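Observations on chain architecture
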Protein chains: 4
Amino acid sequence: MEGSGAYTVVDGHKMTLGANDFVLTPNGTWHEHGVSADGSTCLWQDGLDIPFVNAMEANFYEVHPDMNQAVGHEVNDMTRTWGNPGLTPYGESWKHGYSPMFKYEWAPTYDALTKYSGCTAGSPFDGVMMEYVNPVTNGPVMRTLGASMQMLRPGEHTKAHRHTGSYLYHVAKGSGHSIIDGKRFDWQERDIFCVPSWAWHEHVNGSDRDDACLFCLNDLPVMRALGLYREQAFGENGGFQPIL
Amino acid sequence: MEGSGAYTVVDGHKMTLGANDFVLTPNGTWHEHGVSADGSTCLWQDGLDIPFVNAMEANFYEVHPDMNQAVGHEVNDMTRTWGNPGLTPYGESWKHGYSPMFKYEWAPTYDALTKYSGCTAGSPFDGVMMEYVNPVTNGPVMRTLGASMQMLRPGEHTKAHRHTGSYLYHVAKGSGHSIIDGKRFDWQERDIFCVPSWAWHEHVNGSDRDDACLFCLNDLPVMRALGLYREQAFGENGGFQPIL
Amino acid sequence: MEGSGAYTVVDGHKMTLGANDFVLTPNGTWHEHGVSADGSTCLWQDGLDIPFVNAMEANFYEVHPDMNQAVGHEVNDMTRTWGNPGLTPYGESWKHGYSPMFKYEWAPTYDALTKYSGCTAGSPFDGVMMEYVNPVTNGPVMRTLGASMQMLRPGEHTKAHRHTGSYLYHVAKGSGHSIIDGKRFDWQERDIFCVPSWAWHEHVNGSDRDDACLFCLNDLPVMRALGLYREQAFGENGGFQPIL
Amino acid sequence: MEGSGAYTVVDGHKMTLGANDFVLTPNGTWHEHGVSADGSTCLWQDGLDIPFVNAMEANFYEVHPDMNQAVGHEVNDMTRTWGNPGLTPYGESWKHGYSPMFKYEWAPTYDALTKYSGCTAGSPFDGVMMEYVNPVTNGPVMRTLGASMQMLRPGEHTKAHRHTGSYLYHVAKGSGHSIIDGKRFDWQERDIFCVPSWAWHEHVNGSDRDDACLFCLNDLPVMRALGLYREQAFGENGGFQPIL
C-alpha cells in the first residue's frame, strides 16, 4: 500500500514488493516479511483465512526453527517462471492447492484490465473485473481465499446485486463510493471496506475522467467448492438501491 | 515466417500476425487467412492434424456459405482477454476443447523464455522450454496438437533422448544442428525439420554468443490423453549419440 | 434405525427405507419424510451441515408451495439407475454436486464390506472401511458431508490416530468401545457418539466372534476440498492410548 | 463366450471367467490367459487397440522374463474391492489410466440392465444401454477402448443414427438383426459384427418375448478425449433406413 523496499519470503522464494502488488503466503508455508536495510517503512493489508480455519478446528501454527528461512532461489523466480501468458514451463509440475505464482504485480494487472476493458462490455454489477488465478488450474490463488481486481470506468455506476460470500475491498486507484444495503460509503485510494454475505451492493466511480480500481479479497473459492454460491440481481428501481 | 500485414479470422475473431507469432485455427472453427490490401506477401508454416483425424475416420469439411465470415469482435480481442498472466476475465466461461487465446505473439514468448531462463537450470534434453497452453486448463492449445518454444542457450548441446510422438520443428531464431537417430541435420532461421516417434535426438546451438529458439508442433496431447507417452534417455557415451 | 414402512422423497424421487439404509437429502433439494399408512413408527438419525452453512452465512430455507411434492419417477429409480457396480447409464448426465444415487441400502453395503474384507489387510486405524461415494465422481456423496461404513473384525482393536475434521458415529451392528482422547466410551447397536477434530481415537470390537460395523458422517469433504486435512498416528505405547 | 474353467491374470491379479464376463488386460500390464487343469476348452473374443497404437507409432511388446507371473492377491480381488455400487475402498488410491475393476461379470451386468430398464424410457437409438466404467472416474475402462452392454427390449426396433468411432458388437443374448448403411445383418448369440465410423445403423430384437443383449467394444474414449465425437439422427422415413 505504501513505501518501498519491501519483500516477502515464502518457502525460500524471495519476492520484492511494490505498491498494489499482491503476494501470497499460503496455508502451510514458511513465510516472513521484511524491508531492505535502508530504513524504509512499508504498509500493507494482510488478508487471512484464520477465522474460517479456526471455525473448522484445523489451525496449526509453527515458528521456523531458525527464525528466518534461507532464500534458495532467484529473486521473484516464481513469477518469472509461472507468470507468462499462455506459456507454462515444460516439465515443471505443481501439486499444491495454491498458486505457484506467489506474486502478482500491479503494473501487468493494470495493463491487463486496460486491454480487457477495450474488448468487453463488462459486468453490469462489477465493471471490468478479473480474478487473480493459479495459472496451473485457472482457479483461485488459494483454496480458501480468492482475489480480484476490478476497474470502474470513468463515471461508471454499477447495478446492485447480492451474493453469498464475504468480500473485503481495498481501493487500489481512484475514488468513489459504494452503496451497501442502502447505506453510502465513500472511499479513496488505500481505503478498506467490506461487503458481508448476501448484502446488496453497488459501486460508483466518482470521477468522470479517470478509472478507479478495487482490489477484493473473498471466500468465493470456499463458496464455489462447496456449492454454496448464490447470486441475485436487485430487481427494482432500475437496479439501483434507494439510499436509506 | 515472413512478410507483414497478415491476418487470420477464427469464428469472427480477427487477429493480426507478425513473424514467429503462433495462431490457432482449431478443428471445427470457421477460419480464413489474408493480408492487408497494400499488396504485401506473407509466408507461414501450417501445421495440421488431418492425417490423424483421417485415420480416425472423423474428418468433416465445410465451406462458409458466405465465403468469408463477418468480424464480430475487436481485433485481437481473444489475446487481450485471455492472454494476461495470473488473471482470468471474471464471469467468462469457455467450454471448448481448445484455447480461447487464439494468438500467441513472439515478443511476449521470447520475453517469457528470457525470464524463465534466468531462474531454471533447464532440461538436459531440451534446454529452456515452455509449452503454449490453453490458459483455461494449462493444458494443450488443442486436443490433437501441442506446441512449444524452446531456447538453446549460447553453446548449449542437449543430451539425447527419445519418446513417442511425432514432432515438427520450425527454427524461430538462430542456427545450429540436431542429431536425429545418429544423423546430423543443420538448421538456420525459418528451416523446418522433424523428429519421428521414438527417434533419438539432441539439439546443438551453433553460436557461443546468441541463443537459438525452436518452435515445435507435436501430437503430445494425444499421447498424454491416451496414456501412450514414453520417454528414454540415451544412456551411453555421456548421453550423446555417435554420428553415423 | 428402527421400524418399517419409512420413505423419503427427494426432488420427486421416492425411496423406501429399511434399517441402516443411508439416504441423502442434499442442500437445495425439496425433501420430505414419511411412513406408509399402516401406522408404523420409524426412527432415524438425521445428520446436517447446518452449523457449517450457517457459519458461512449461506443458508436458505423454503417450504414447498404445495406442502408435498409430486412423485414423478419409479420408486427407488435413482439407486436402480446409478447403483450398479462398474456400469453407468449411457447418455445420462449428472451435473449436481451431490450423488444421484440418493439411497445406499444396508444389505449391499454389508455385502461389499464382507467381500472387501476378504482381500485386504485393512487399515490399522479403521479396520475395513469403505466410503459412500457419488458414483459419477467417486468423490463424496455431498460437497459438505461425507459418509463411511467400517467393519471391525472379530476381536479387532485399531491403533490410535487423530485428524482434522468432525466425525459422528452411529453403531450399525455389534458392540464394543472407542477410546477418545484417553477416555473410554462403550457402544452398542444404534448408539451415537462423536470424535471431535484432532482428538486421538481408537475403536475396539467387543466380540471375538462377530464383526461390528460403524457408520460415520463427517466433514471430510470440506477438509479435503480446502486442503485442511491432516492426520497423525499415535506414536507411543505401541499405538494405543493409555486410558485416563 | 463358451466353456468353463477359464482364467486371466493381470499384473498378479487372477480372475476366474464365465460366459459373457468382460475382462481387461490393459496396455502395459503383464497378462496371461489359461484354463483350469481339467482339460476344458474355452473361447473368447479378444478386442485390441493395436491398430490404433501402431498408427500412433507407440507400440511396445515384451515377454515376461519368467514366462508366467506369480499370483500375488486373492482371486478376483480387484472386482471384490472396486466393484461395489456407491462404495469405494477407503484409502486405496488408483492412479492408472485404466479401471482397477479388471473383471465385470455377466450376472450383475444383466441385473443392472434389468433394474435400469424398469425406470428409463431408454435411448431411441440404443434401447437400454449402460457403459462399463472405471469406478474411480466413471469414465471408460481404458483410455483407448470403451465397452457397453445394451438391452433391446422384446420387439424393440431402434431408430437409425450415425456417429464417428468404430464399433465391434458381440451378441451376448438373444437374436435379431441390425441394418447398417441400408444392409441387413442377422445375428444370434455369440455372433460378432461391426459398425464402421459414420455408418447409419439401427438394431432390431427378433423376439417379441425375450430381450436381446449386445456387448460393444469401441474407440469412443479416443473420440471423446480428442473432441472428435459427432452424432447425427437419420431424419427421413420416421428414422428408419430403407433397406437397399
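The present account deals with the structure reproduced in this document.

Turning our eyes to something else, we now look at the overall build of chain A. Summing up its helical and strand segments, chain A has 4 helices and 17 strands in all. For a compact globule of 244 residues, the expected C-alpha radius of gyration is about 18 Å, and chain A comes in at 19 Å, within 12% of that figure. The principal-axis extents of the C-alpha atoms in chain A amount to approximately 60 × 40 × 40 Å. The buried share of chain A, taken over its 244 residues, is 51%. Contacts spanning at least 24 positions in sequence make up 71% of the contacts within chain A whose residues lie at least 6 apart. By element, 51% of the accessible surface of chain A is carried by carbon and sulfur atoms, the whole surface being about 10900 Å². Averaging the locations of the 16 positively and 29 negatively charged side chains of chain A gives two centres separated by 6 Å.

A word on the interface of chain C and chain A. Taken together, the contact pairs 22 residues of chain C with 22 residues of chain A. Contact with chain A buries surface across chain C, with Met56(C), Phe60(C) and Leu226(C) losing the most and accounting together for 31% of the total. Run the count over chain C and chain A and you get 0 salt bridges. Counting across the chain C and chain A interface gives 2 residue pairs in polar contact (both at pLDDT 80 or more). Elements with a minimum of two residues in the side of chain C that touches chain A: helix 1 (50-55) and helix 4 (220-225) of chain C. It is helix 4 of chain C that contributes the most residues to the side of chain C that touches chain A, 4 residues altogether.

Summed over all chains, the structure comprises 54 aromatic pairs over all chains. Among the aromatic residues, ring-to-ring pairing joins Phe22(A), Tyr104(A), Tyr132(A) and Phe215(A) into one connected group. Positioned above the aromatic ring of Phe60(B) is the side chain of Arg230(D), whose terminal nitrogen or guanidinium carbon lies 4.0 Å from the ring centre.

Let us now look at the relation of the copies chain C and chain A. Once chain C is rotated about the relating axis by 180° and shifted along it by 0.0 Å, it coincides with chain A to within an RMSD of 0.0 Å. What the superposition gives is, in effect, a two-fold axis relating one chain to the other. It is Ala225(C) whose C-alpha, among those of chain C, lies nearest the rotation axis, at 3.4 Å. Of the interface residues in chain C, 100% have counterparts in chain A that sit at the interface too, so the contact is made through matching surfaces.

Another point: the environment of Leu43(A). Residues and elements named next belong to chain A. Locating Leu 43 in the fold gives a position in the loop between strand 4 (31-35) and helix 1 (50-55). In this structure, the C-alpha to C-alpha distance between Leu 43 and Tyr 169, residues 126 residues apart in sequence, is 16 Å. Not counting residues within four places of it along the chain, the set of residues in contact with Leu 43 comprises Met 1 and Glu 2.

Residues and elements named next belong to chain B. Residue placement: His 64 occurs in the loop between helix 1 (50-55) and helix 2 (77-82). When its relative accessible area of 17% is taken as the criterion, His 64 is described as buried. There is a polar contact of 3.0 Å between the side chain of His 64 and the backbone nitrogen of Asp 66. Excluding its chain neighbours within four sequence positions, the residues that come into contact with His 64 are Trp 30 and Gln 69.

Take the pattern of salt bridges next. Residue and element names in this part refer to chain C. Applying the stated criterion to the full structure yields 28 salt bridges over all chains. In this structure, Asp 211 and Lys 173 form a salt bridge, with 2.7 Å as the shortest nitrogen-oxygen distance. One end of the pair, Asp 211, is in the loop between strand 15 (201-205) and strand 16 (212-218); the other, Lys 173, is in strand 11 (residues 167-173), with 38 residues separating them in the sequence. For Asp 211, a relative accessible area of 13% corresponds to the buried category. Among the residues examined, Lys 173 registers a relative accessible area of 22% and is labelled partly exposed.

Let us now look at the environment of Thr120(D). You can see Thr120(D) is positioned in the loop between helix 3 (106-117) and strand 7 (128-134). Judged by relative accessible area, which is 18%, Thr120(D) ranks as buried. Among residues more than four places away in sequence, those in contact with Thr120(D) are Glu92(C), Val128(D) and Arg153(D). A polar contact of 3.0 Å, which involves the side chain of Thr120(D), links it to the backbone nitrogen of Gly122(D).

Residue and element names in this part refer to chain B. Among the 7 residues of strand 9 (residues 146-152), 7 are classified as buried, and the element is accordingly described as predominantly covered. Of the two faces of strand 9, the one lined by Gly 146, Ser 148, Gln 150 and Leu 152 and the one lined by Ala 147, Met 149 and Met 151 are each fully buried. Looking at chain direction, strand 7 (residues 128-134) and strand 9 are connected through 4 bridges and run antiparallel. Each residue of the ladder has a partner; that of Met 130, found in strand 9, is Met 149. By the bridge criterion, 7 bridges tie strand 9 to strand 16 (residues 212-218) in an arrangement that is antiparallel. Directly across from Met 149, in strand 16, lies its bridge partner Phe 215.

At the interface, 35 residues of chain A touch 35 residues of chain B. The tally of links between chain A and chain B comes to 0 salt bridges. The interface formed by chain A and chain B contains 12 residue pairs in polar contact (both at pLDDT 80 or more). Secondary-structure elements contributing two or more residues to the side of chain A that touches chain B are helix 2 (77-82), strand 5 (87-89), helix 3 (106-117), strand 7 (128-134) and helix 4 (220-225) of chain A. For the side of chain A that touches chain B, the class distribution of residues is 18 nonpolar, 10 polar and 7 charged.

This next bit is on the sheet that holds strand 2 (residues 13-17) of chain A. Residues and elements named next belong to chain A. On the basis of which strands lie adjacent, the open sheet formed by 3 strands has the order 2-1-4 and antiparallel pairing. Across the chains shown, the open sheet's two edge strands, defined by having one partner strand only, are strand 2 and strand 4. Shown here is a sheet whose adjacent strand axes are inclined to one another by a mean of 20°, direction ignored. In the sheet, strand 1 (residues 6-10) pairs with strand 2 via 5 bridges, with the strands oriented antiparallel.

Moving on: the pairing of strand 1 (residues 6-10) of chain D. All names here are of chain D. For strand 1, the tally of buried residues reaches 4 of 5 residues, placing the bulk of the element in the interior. Counting the residues in the hairpin turn of strand 1 and strand 2 (residues 13-17) gives 2 residues, including Asp 11, whose phi is positive at 45°. Alignment of strand 1 against strand 4 (residues 31-35), held across 5 bridges, turns out to be antiparallel. Its bridge partner being in strand 4, Thr 8 is matched across the sheet by His 33.

Turning to the arrangement of the chains, a few remarks are in order. Regarding chain B and chain C, which are not in contact, the minimum distance between any of their C-alpha atoms is 14 Å. Contact between chain A and chain D is absent, and the least distance between their C-alpha atoms amounts to 14 Å.

What follows concerns the sheet that holds strand 1 of chain D. All names here are of chain D. One open sheet accounts for 3 strands, arranged 2-1-4; its pairing is antiparallel. The open sheet terminates on both sides in strands that have one partner only, identified here as strand 2 and strand 4. Geometrically, the sheet is characterised by an average inter-axis angle of 20° between neighbouring strands, direction not taken into account.

Bringing helix 3 (residues 106-117) of chain C into the picture now. Along an α-helix, residues three or four apart share an orientation, since each turn contains 3.6 residues. All names here are of chain C. With 12 residues, helix 3 extends 16 Å from end C-alpha to end C-alpha; this agrees with the ideal 16 Å at 1.5 Å per step. Every buried residue of helix 3 is listed here: Trp 106, Thr 109, Ala 112, Leu 113 and Tyr 116. Along the axis of helix 3, the buried residues cluster in a sector spanning 125°; they form a single face.

This part takes up the side chain of Lys103(C). Residue and element names in this part refer to chain C. Examined against the element boundaries, Lys 103 turns out to sit in strand 6 (residues 103-104). At 2.8 Å, the side chain of Lys 103 forms a polar contact with the backbone oxygen of Thr 16. Lys 103 has contacts with Met 15, Thr 16, Leu 17, Asp 21, Phe 22, Val 23, Asn 76 and Thr 79, leaving out every residue within four places of it along the chain.

Another point: the state of the cysteines. Residues and elements named next belong to chain D. Tallying each qualifying case throughout the model produces 0 disulfides over all chains. There is no disulfide at Cys 216, and the cysteine sulfur nearest it, in Cys 194, is 10 Å away. Relative accessible area serves as the criterion here: at 2%, Cys 216 is assigned to the buried category.

Moving on, we come to unusual backbone geometry. The phi torsion at Met67(B) lies on the positive side, around 70°, for a residue other than glycine. Along the chain, Met67(B) turns up in the loop between helix 1 and helix 2. Phi angles above zero are rare outside glycine, and Asn20(D) is one such case at about 70°. Topologically, Asn20(D) is positioned in the loop between strand 2 and strand 3 (22-23). For Asn20(D), a relative accessible area of 18% puts it in the buried group.

Cut-offs and rules
- Counting starts from 1 at the beginning of each chain's written sequence and moves along it residue by residue.
- Written order determines the labels here, with chains lettered from A and ligands numbered from 1.
- Side-chain atom pairs in this predicted model are given and counted only at pLDDT of 80 or more, local residue features only at pLDDT of at least 70, and totals for whole chains, interfaces and linings cover all residues.
- To obtain the side-chain values, all non-hydrogen atoms of the structure were included, while hydrogens and water were left out.
- Only DSSP runs of H or I reaching four residues or more are called helices, and only runs of E reaching two or more are called strands; each is numbered from the N terminus.
- In this description the radius of gyration comes from C-alpha coordinates, and the expected globular size is given by 2.2 Å times residues to the power 0.38.
- Buried means the residue's accessible area, taken with a 1.4 Å probe over protein chains only, is under 20% of the maximum for its type, while exposed means over 50%, and partly exposed covers the values in between.
- By definition in these notes, contact holds between two residues if any of their heavy atoms fall within 4.5 Å.
- Per-residue accessibility takes into account occlusion by the displayed protein chains alone, with areas from the Shrake-Rupley method and a 1.4 Å probe.
- By the counting scheme adopted, Arg and Lys are positive, Glu and Asp are negative, and His together with the chain ends is not counted.
- Lys charges are placed at NZ, Arg charges at CZ, Asp charges at CG and Glu charges at CD.
- A simple way to read buried area is as the amount of 1.4 Å-probe accessible surface that goes missing from two parts once joined, with both sides added.
- Take a side-chain nitrogen of Lys or Arg and a carboxyl oxygen of Asp or Glu: if they are within 4 Å of each other, that pair is a salt bridge.
- Side-chain atoms alone can form a polar contact between residues adjacent in sequence; in general such a contact is a pair of N or O atoms within 3.5 Å, and within protein one must be able to donate a hydrogen while the other accepts it.
- Whether two aromatic rings pair depends on their centres lying within 6.5 Å, for rings of Phe, Tyr and Trp, where Trp uses its six-membered ring; planes under 30 degrees apart make the pair stacked, over 60 edge-to-face, and the rest tilted.
- For a ring to carry a charge above it, either NZ of a lysine or CZ of an arginine must fall within 6 Å of the ring centroid while also lying within 35 degrees of the normal to the ring plane.
- The copies were overlaid with a least-squares fit restricted to C-alpha atoms from residues scoring a pLDDT of at least 70 in each copy.
- Two strands are counted as paired when DSSP detects at least two bridges linking them.
- Gly counts as polar in this scheme, as do all residues outside two lists: the nonpolar Ala, Val, Leu, Ile, Met, Phe, Trp, Tyr, Cys and Pro, and the charged Asp, Glu, Lys and Arg.
- Working convention: axes come from line fits to C-alpha atoms, limited for helices to the stretch in contact. Angles between N-to-C directions cover 0 to 180 degrees.
- To estimate the expected span of a helix, subtract one from its residue number and multiply by 1.5 Å.
- The reported arc concerns the directions from the helix axis to the C-beta atoms and nothing else.
- Our working definition of a disulfide is a cysteine sulfur pair at a distance within 2.5 Å.

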